[in-house]
Number of protein chains: 2
Amino acid sequence: MYELLKGLRVVEGAAFIAAPSCGLHLAQMGAEVIRFDAIGGGPDYRRWPVAPGGDSLYWEGLNKGKKSIAIDLGRPEGRELAVALATAPGDNAGLFLTNYPVKGFLSHEALAAKRADIISVRVMGWADGSPAVDYTINAAVGVPQMTGPADDERPVNHVLPAWDLLGGAYAAFAMTSALLRRRISGEGAEIRIPLSDLAASSLSHLGSVAEVLSAGDRPRMGNDLFGAFGRDFVTADGRRLIVVAITPRQWSGLLKTLDLGDAVGAVEAELGVSFARDEGLRFIHRARLFPLFEAAFATRSAEALKPAFDAGGVTWGEYQTLHQAVTTDPRLFTANPLFETLTHPSGLSYPTSGPAGTLANEARGPVTSAPKLGQHTDEVLAAVLGLDSGAIGRLHDEGLVA
Amino acid sequence: MYELLKGLRVVEGAAFIAAPSCGLHLAQMGAEVIRFDAIGGGPDYRRWPVAPGGDSLYWEGLNKGKKSIAIDLGRPEGRELAVALATAPGDNAGLFLTNYPVKGFLSHEALAAKRADIISVRVMGWADGSPAVDYTINAAVGVPQMTGPADDERPVNHVLPAWDLLGGAYAAFAMTSALLRRRISGEGAEIRIPLSDLAASSLSHLGSVAEVLSAGDRPRMGNDLFGAFGRDFVTADGRRLIVVAITPRQWSGLLKTLDLGDAVGAVEAELGVSFARDEGLRFIHRARLFPLFEAAFATRSAEALKPAFDAGGVTWGEYQTLHQAVTTDPRLFTANPLFETLTHPSGLSYPTSGPAGTLANEARGPVTSAPKLGQHTDEVLAAVLGLDSGAIGRLHDEGLVA
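The model shown is predicted, which means the values in this text are computed figures rather than measured ones.

### A word on the overall build of chain A
Moving on, step 1. Scanning chain A from terminus to terminus reveals 18 helices and 12 strands.
Moving on, step 2. Principal-axis analysis of the C-alpha atoms places the extent of chain A at approximately 85 × 45 × 40 Å.
Moving on, step 3. A separation of at least 24 residues holds for 67% of the contacts in chain A among residues at least 6 apart in sequence.
Moving on, step 4. As displayed, chain A has an accessible area near 13,900 Å², and 53% of this comes from carbon and sulfur atoms.
Moving on, step 5. Both charge centroids of chain A, one from 36 positive and one from 45 negative side chains, sit 2 Å from each other.

Laid out in structure tokens, this is it:
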């Protein structure tokens, strides 16, 4: 972790990926993030993947470095405790992160009644409050229909919850942005970040909304890179590499490394085009280009190609499984300084990532594992709410905390 | 746009998606974002999708609300101008966003020599500086191998540049976080955000790294939701809906709406399990459950199911193409208050999104289109560098700006 956000206290009442990953980003940049959950765990407490013993690897991945307090949220006194945590005083507190419904006991209005300058960041499904998850939104915006081989009509869901991940990082940006304003003006804010709006706005930002209005839906095209040159190819030894050439330099490096300059030049002469000057033409005429590349890959081994690609400045990647990557790829996992091997609440020890961003020339603090559920209940009640041991004991006796 | 970041000045020297989308998020939250490009445009200036006239819809989507200055970056004097912009004085300036190489004329060291407290946020390909794009990193971390139908072995690339989008939002979070620290301590920072580290850390956060070490690679499973109940089903009228049931309430609502309680209960009795209590069992035994759902969908129309699902609290979505969504879906596009119809540099008018996050109860400012390349060259030279009209004229005469 780093200490960019040292001193901040964020309270998280959330579940699943988007909002908890926001809390994770904040924690890994130094904020104190206090997550409250129902006693026994929230709806994500058993979410797969799970360890052989049944503990959720997902939960312990998304809650690294947080403090955990367990509260009976079904009773009014428990709900009051959650509200008291979110609205506790302090210039560096009053920061609440949630995916609870807009209305209800954790509404912004209810919190702002206790603390006028509270900042609440609320990740939602649909903007109108209807339930949605990453995969249902993704179906509605048409990504699965664009994905997969052209010879198959079935829509292909993504397996990476891209909208959730984007929502978590965007929520962290929203939280810190609202705090920058509060430090100047004193104003709080409620920022709502629906997955539906993340998807709609992203497809606007990428030009895809304009594209479909101008040219209709983009057809499925397998692994072909849209609008430039890129695809997967199989090598002589049966490995699969992806190469991408968008810039002139990427293109010239690729041709040179594969010794395809003459063959591609012949196609250019025949068609009267310059692939070097216009990346889009490489896409339009890809049916002419791909066979040349397939043949070039089919006569070269991956082990010969990889250093040649690196020397030639080619942008390439090898298809590998995640297990291969985790166990053998030094740049991604086995020698990546982001990772430390930690023991987690599941009892398993495995390499575990700190923040994605690296502060150059600053010490990289330790990676911290997730808490056990309720591990910090007493500490949080004492430190944030100022309760003494007698009061904390009574809350335990009444079953309001665990 | 909103004004959370009003008064900040960010200089962007970048191309493609990740870093420019960071600048876009900052601009749409109120920062002044000045993007410099080479005269004639950078390597992303013609990137597809393009308008019928050839202008890039991608470029004008990713650069909305920014100011544009065009500089001859091939000459030392032009490079000095870019450095001067990035390092110009002001408490709310000295914020630089880039995907230029770590070493070179826009290195953090070079900038910090001019302004010690500069914050530079640098999106990269591989962490070691090797070239990579979203799709080559994605191949290396194994996502394409997990994606797509179980009856097809070909890896399936995602079409949504998820790592780029995540990188943009995370970079915006990094920028604001570093500014929060600078306002307290006065320190600058260089934050490097490689796509390779975004991917590796995300797969750690999601529990996937632990999963493959514990259980091996996850097999391909088409559109089946991992670890709970979810898949696409075809209705009596040939429409395709996705339903997801992770929580007990989602599951009970789904069974009730489809009148499947008895049939599923019979499977539970036969297997001696409770699907209501353990979402993972719904996944393990999905081959027993799916035929019941297929039959239930096959006898109901989408028009009957959709209101019933809403009434029953079911989490569902309809597969539609992006064109269908853009032209007919009020929640995503046609009545979404994020969108305004604007005319862009391409000459096309189309619905265009403001920020994904909504500040409840605050006025939503106008959505702003992208600049024309170099539209603000003179304005920026005067306002940021304090050049008078004579000096600006000389830069034009020398071909250093356009």
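### A look at the relation of the copies chain B and chain A
Moving on, step 1. Expressed as a screw operation, the relation of chain B to chain A combines 0.0 Å of axial shift with a rotation of 180°, fitting to an RMSD of 0.0 Å. Accordingly, the operation relating the two chain copies is best matched by a two-fold axis. Residues of chain B ranked by C-alpha distance from the rotation axis are headed by phenylalanine 173 of chain B, positioned 2.0 Å from it.
Moving on, step 2. A share of 100% of interface residues in chain B that are also interface residues in chain A marks the association as one of identical surfaces.

### Some remarks on the interface of chain B and chain A
Moving on, step 1. At the junction of the two partners, chain B supplies 144 residues and chain A supplies 144 residues.
Moving on, step 2. Carbon and sulfur atoms supply 69% of the area buried between chain B and chain A, which totals about 12,100 Å² over both sides.
Moving on, step 3. The three residues of chain B that bury the most area against chain A are Trp48, His205 and Leu206 of chain B, which together make up 7% of that side's buried surface.
Moving on, step 4. Viewed at the interface, chain A and chain B are joined by 6 salt bridges.
Moving on, step 5. With its nearest N and O atoms 3.1 Å apart, the salt bridge here joins arginine 154 of chain A to aspartate 151 of chain B.
Moving on, step 6. Put simply, chain B and chain A have 45 residue pairs in polar contact (both at pLDDT 80 or more) between them.
Moving on, step 7. The dominant element in the side of chain B that touches chain A, judged by the number of residues it contributes, is helix H7 (residues 162-185) of chain B, at 17 residues.
Moving on, step 8. Its residues placed into classes, the side of chain B that touches chain A shows 81 nonpolar, 40 polar and 23 charged.
Moving on, step 9. By the bridge criterion, 2 bridges tie strand E12 (residues 358-359) of chain A to strand E6 (residues 189-194) of chain B in an arrangement that is antiparallel.

### Describing the domain arrangement of chain A
Moving on, step 1. When cut into domains, chain A gives domain 1 (9-203 + 338-397) and domain 2 (229-318).
Moving on, step 2. Of note, the centres of domain 1 of chain A and domain 2 of chain A, computed from C-alpha atoms alone, are 44 Å apart.

### As for H7 of chain B
Since one α-helical turn is 3.6 residues long, residues separated by three or four positions face the same way.
Moving on, step 1. With 24 residues, H7 of chain B ought to run about 34 Å at 1.5 Å a step, and its terminal C-alpha atoms sit 34 Å apart, in line with that.
Moving on, step 2. At the C-terminal side of H7 of chain B, glycine 186 of chain B shows a positive phi close to 85°.

### Notes on a negative patch on the surface
Residue and element names in this part refer to chain A.
Moving on, step 1. Together, Glu77, Glu80, Asp397 and Glu398 line one region of the surface with negative charge.
Moving on, step 2. Among the secondary structure elements, glutamate 80 is positioned in helix H3 (residues 76-86).
Moving on, step 3. Given the relative accessible area of 56%, glutamate 80 is considered exposed.

### A word on the sheet that holds strand E8 (residues 240-245) of chain B
Residues and elements named next belong to chain B.
Moving on, step 1. With antiparallel pairing, 3 strands are arranged side by side in an open sheet as E7-E8-E9. Each edge of the sheet is formed by a strand with only one pairing partner; in this case those strands are strand E7 (229-234) and strand E9 (315-318). Strand after strand, the sheet turns through a mean of 20° between neighbouring axes, direction not considered.
Moving on, step 2. Taken together, the 4 bridges between E8 and E9 define a ladder with antiparallel strand orientation. When the bridges of E9 are listed, valine 244 appears paired with threonine 315.
Moving on, step 3. Where helix H10 (residues 248-258) meets the sheet, its contacts fall on E7, E8 and E9, and the angle it forms with E8 comes to roughly 135°.

### Structural notes on the pairing of strand E5 (residues 119-124) of chain A
All names here are of chain A.
Moving on, step 1. Of all 6 residues in E5, 6 are buried, a share of seventy percent or more.
Moving on, step 2. Alternating positions in E5 separate into two faces, Ile119, Val121 and Val123 on one and Ser120, Arg122 and Met124 on the other, with burial throughout.
Moving on, step 3. Where strand E4 (residues 95-98) and E5 come together, 4 bridges link them in parallel fashion. For threonine 98, the partnering residue across the bridge sits in E5 and is arginine 122.
Moving on, step 4. Handedness of the E4-helix H4 (residues 108-114)-E5 crossover: right-handed.
Moving on, step 5. Note that E5 and strand E6 (residues 189-194) share 6 bridges and pair parallel.

### Description of helix H8 (residues 195-205) of chain B
Residues and elements named next belong to chain B.
Moving on, step 1. Of all the 11 residues making up H8, 11 are buried; the element is thus mostly covered by neighbouring parts of the structure.
Moving on, step 2. All of the buried residues along H8 are Leu195, Ser196, Asp197, Leu198, Ala199, Ala200, Ser201, Ser202, Leu203, Ser204 and His205.
Moving on, step 3. Immediately downstream of H8, the backbone of glycine 207 shows phi near 85°, a positive value.

### Thoughts on the packing of aromatic side chains
Moving on, step 1. Inspection of every chain in the model, using the stated rule, returns 38 aromatic pairs over all chains.
Moving on, step 2. With a centroid separation of 6.2 Å and 75° between ring planes, the pair formed by tryptophan 251 of chain B and phenylalanine 275 of chain B is classed as edge-to-face. Linking tryptophan 251 of chain B in helix H10 with phenylalanine 275 of chain B in the loop between helix H11 (261-271) and helix H12 (279-284), this pair joins segments that are 24 residues apart in sequence.
Moving on, step 3. When its relative accessible area of 2% is taken as the criterion, tryptophan 251 of chain B is described as buried.
Moving on, step 4. These aromatic residues form a ring-pair network of at least three members: Phe229, Phe233, Trp251, Phe275, Phe290, Phe293, Phe297, Phe309 and Trp316 of chain A.
Moving on, step 5. Cation over ring: arginine 286 of chain A sits above phenylalanine 283 of chain A, and NZ or CZ is 4.1 Å from the ring centre.
Moving on, step 6. Above the plane of the ring of tyrosine 58 of chain B lies arginine 47 of chain B, whose end atom (NZ or CZ) is 5.7 Å from the centre.

### Points about the environment of leucine 73 of chain A
All names here are of chain A.
Moving on, step 1. Inspection of the secondary structure assignment puts leucine 73 in the loop between strand E3 (67-71) and H3.
Moving on, step 2. Note: C-alpha distance between leucine 73 and glycine 23 (50 residues apart in sequence) is 20 Å.
Moving on, step 3. Aside from chain neighbours lying at most four places away, what touches leucine 73 is Phe36, Asp37, Ala38, Gly78, Arg79, Ala82, Tyr100 and Phe105.

### Looking at the sheet that holds E5 of chain A
Moving on, step 1. Read from one edge of the open sheet, 7 strands run E3(A)-E2(A)-E1(A)-E4(A)-E5(A)-E6(A)-E12(B), paired in mixed fashion. In this open sheet, the two edge strands, each paired with only one partner strand, are E3 of chain A together with strand E12 (358-359) of chain B.
Moving on, step 2. Sheet analysis places strand E1 (residues 9-13) of chain A next to strand E2 (residues 32-38) of chain A, joined by 4 bridges and oriented parallel. When the bridges of E2 of chain A are listed, valine 11 of chain A appears paired with isoleucine 34 of chain A.

### Some details on the side chain of serine 21 of chain B
Residues and elements named next belong to chain B.
Moving on, step 1. The topology assignment puts serine 21 in helix H1 (residues 18-28).
Moving on, step 2. Judged by relative accessible area, which is 2%, serine 21 ranks as buried.
Moving on, step 3. Residues within four places of serine 21 in sequence aside, it is in contact with Leu62, Asp164 and Gly168.

### A short note on the nonpolar core
Moving on, step 1. If you look at the biggest cluster of nonpolar residues, it comprises 128 residues, and the most contacted ones within it are Leu26 of chain A together with Leu26 of chain B.
Moving on, step 2. Ignoring any residue separated from it by four or fewer positions in sequence, one finds leucine 26 of chain B in contact with Phe173 of chain A together with Leu5, Val10, Ala31, Val33, Ala172, Met175 and Thr176 of chain B.

### Concerning the pairing of E1 of chain A
Moving residue by residue along a regular strand, the side chains alternate between the two faces of the sheet.
All names here are of chain A.
Moving on, step 1. Summarising burial for E1: 5 of the 5 residues are buried, a large majority.
Moving on, step 2. By the alternation rule, side chains of E1 split into Arg9, Val11 and Gly13 and Val10 and Glu12, which are all buried.
Moving on, step 3. At this point the chain moves from E1, through helix H1 (residues 18-28), to the parallel E2, and the crossover so formed is right-handed.
Moving on, step 4. With 4 bridges joining them, E1 and E4 adopt parallel strand pairing. Bridge pairing links glutamate 12 to leucine 97 in E4.

### Considering the pattern of salt bridges
Moving on, step 1. For the structure shown, the criterion picks out 57 salt bridges over all chains.
Moving on, step 2. What you see here is one network of salt bridges that share partners, running through Glu12, Arg35, Asp37, Asp44 and Lys66 of chain A.

Analysis parameters
- Residues numbered from 1 in each chain as written.
- Chains lettered and ligands numbered in written order.
- Predicted model: local features only at pLDDT ≥ 70, side-chain atom pairs only at ≥ 80, totals over all residues.
- Heavy atoms only, no water.
- Helix = DSSP H or I, 4+ residues; strand = E, 2+ residues; numbered from the N terminus.
- Contact = heavy atoms within 4.5 Å.
- Areas by Shrake-Rupley, 256 points an atom, 1.4 Å probe, with all protein chains shown as cover.
- Lys, Arg positive; Asp, Glu negative; His and termini not counted.
- Charge placed at Lys NZ, Arg CZ, Asp CG, Glu CD.
- Least-squares fit on C-alpha atoms with pLDDT ≥ 70 in both.
- Buried area = accessible area lost by both parts, 1.4 Å probe.
- Salt bridge = Lys/Arg side-chain N within 4 Å of Asp/Glu carboxyl O.
- Polar contact = N/O pair within 3.5 Å; in protein donor to acceptor, adjacent residues only side chain to side chain.
- Nonpolar A, V, L, I, M, F, W, Y, C, P; charged D, E, K, R; others polar.
- Pairing = 2+ DSSP bridges.
- Domains from an automatic or database assignment.
- Expected span 1.5 Å × (residues − 1).
- Patch = residues over 30% accessible without salt bridge, like charges linked within 9 Å, V, L, I, M, F, W, Y side chains within 5 Å.
- Buried < 20%, exposed > 50% of the residue type's maximum accessible area, 1.4 Å probe, protein only.
- Axes fitted to C-alpha atoms, helices over the stretch in contact; angles between N-to-C directions.
- Right-handed = clockwise from strand over helix to strand, strands pointing away.
- Phe/Tyr/Trp six-rings, centres within 6.5 Å; stacked < 30°, edge-to-face > 60°.
- Lys NZ or Arg CZ within 6 Å of the ring centre and 35° of its normal.
- Core = buried A, V, L, I, M, F, W, Y, C linked by side-chain atoms within 4.5 Å.

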